[in-house]
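Analysis of the macromolecular model
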Amino acid sequence: MYKNHEGYPDPTQGDAINGVRKEEIQRMREKQHNLKRGEVIRIKDSIETPDGKRIKIVEVTVKELYANCVLLEGKNGIRRCPDYWMLKKIRV
């Protein structure tokens with residue numbers, strides 16, 4: 001809990017500082033992995049059919065970057081969270 005100069009709890013200040021830290025971390029991850037939030041990327045999606053697997057190319061939006069994975073959302077609202085290694089593998 002953050003406290004002001006008089007020693008009283010100040011949640012507003014704590015929330016603001018944590019928000020700035022989170023934004024700095026997001027920008028660092030965007031630069032490190034060459035992705036940006038809101039960017040539309042294309043990935044390969046495999047679909048199992050009775051006669052075998054079929055590869056389909058899907059457009060997804062980058063929503064959030066985490067320490068070990070990235071949150072992607074498709075146009076139909078389905079979200080997936082592959083790790084960075086898997087994303088490099090399936091990205092078109």
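In what follows, the accompanying structure is described. (Residues numbered from 1 in each chain as written. Predicted model: local features only at pLDDT ≥ 70, side-chain atom pairs only at ≥ 80, totals over all residues. Heavy atoms only, no water.)

Another point: the overall build of the protein chain. If you tally the helices and strands in the protein chain, you get 2 helices and 4 strands. Reading the secondary structure of the protein chain in the N-to-C direction produces α-β-β-β-β-α. The C-alpha atoms of the protein chain give 19 Å as radius of gyration, which overshoots the globular expectation for 92 residues (12 Å, by more than 25%). C-alpha extents for the protein chain along the principal axes are approximately 70 × 25 × 20 Å. By residue count, 24% of the 92 residues in the protein chain fall in the buried class. For the protein chain, the exposed surface amounts to about 7100 Å²; the carbon and sulfur share of it is 51%. Charge-centre separation for the protein chain: the mean point of 20 positive side chains lies 6 Å from the mean point of 14 negative side chains. (Helix = DSSP H or I, 4+ residues; strand = E, 2+ residues; numbered from the N terminus. Rg over C-alpha atoms; globule rule 2.2 N^0.38 Å. Buried < 20%, exposed > 50% of the residue type's maximum accessible area, 1.4 Å probe, protein only. Areas by Shrake-Rupley, 256 points an atom, 1.4 Å probe, with all protein chains shown as cover. Lys, Arg positive; Asp, Glu negative; His and termini not counted. Charge placed at Lys NZ, Arg CZ, Asp CG, Glu CD.)

For helix H1 (residues 11-33), which comprises 23 residues, the first-to-last C-alpha distance of 33 Å matches the rise-based estimate of 33 Å (1.5 Å per residue) to within 8%. By the burial criterion, the buried members of H1 are Gly14, Gln26, Arg29 and Glu30. For H1, the secondary structure elements touched by its buried residues are strand E2 (52-65) and helix H2 (84-90). Backbone geometry just after H1 places Asn34 at a positive phi near 55°. (Expected span 1.5 Å × (residues − 1). Contact = heavy atoms within 4.5 Å.)

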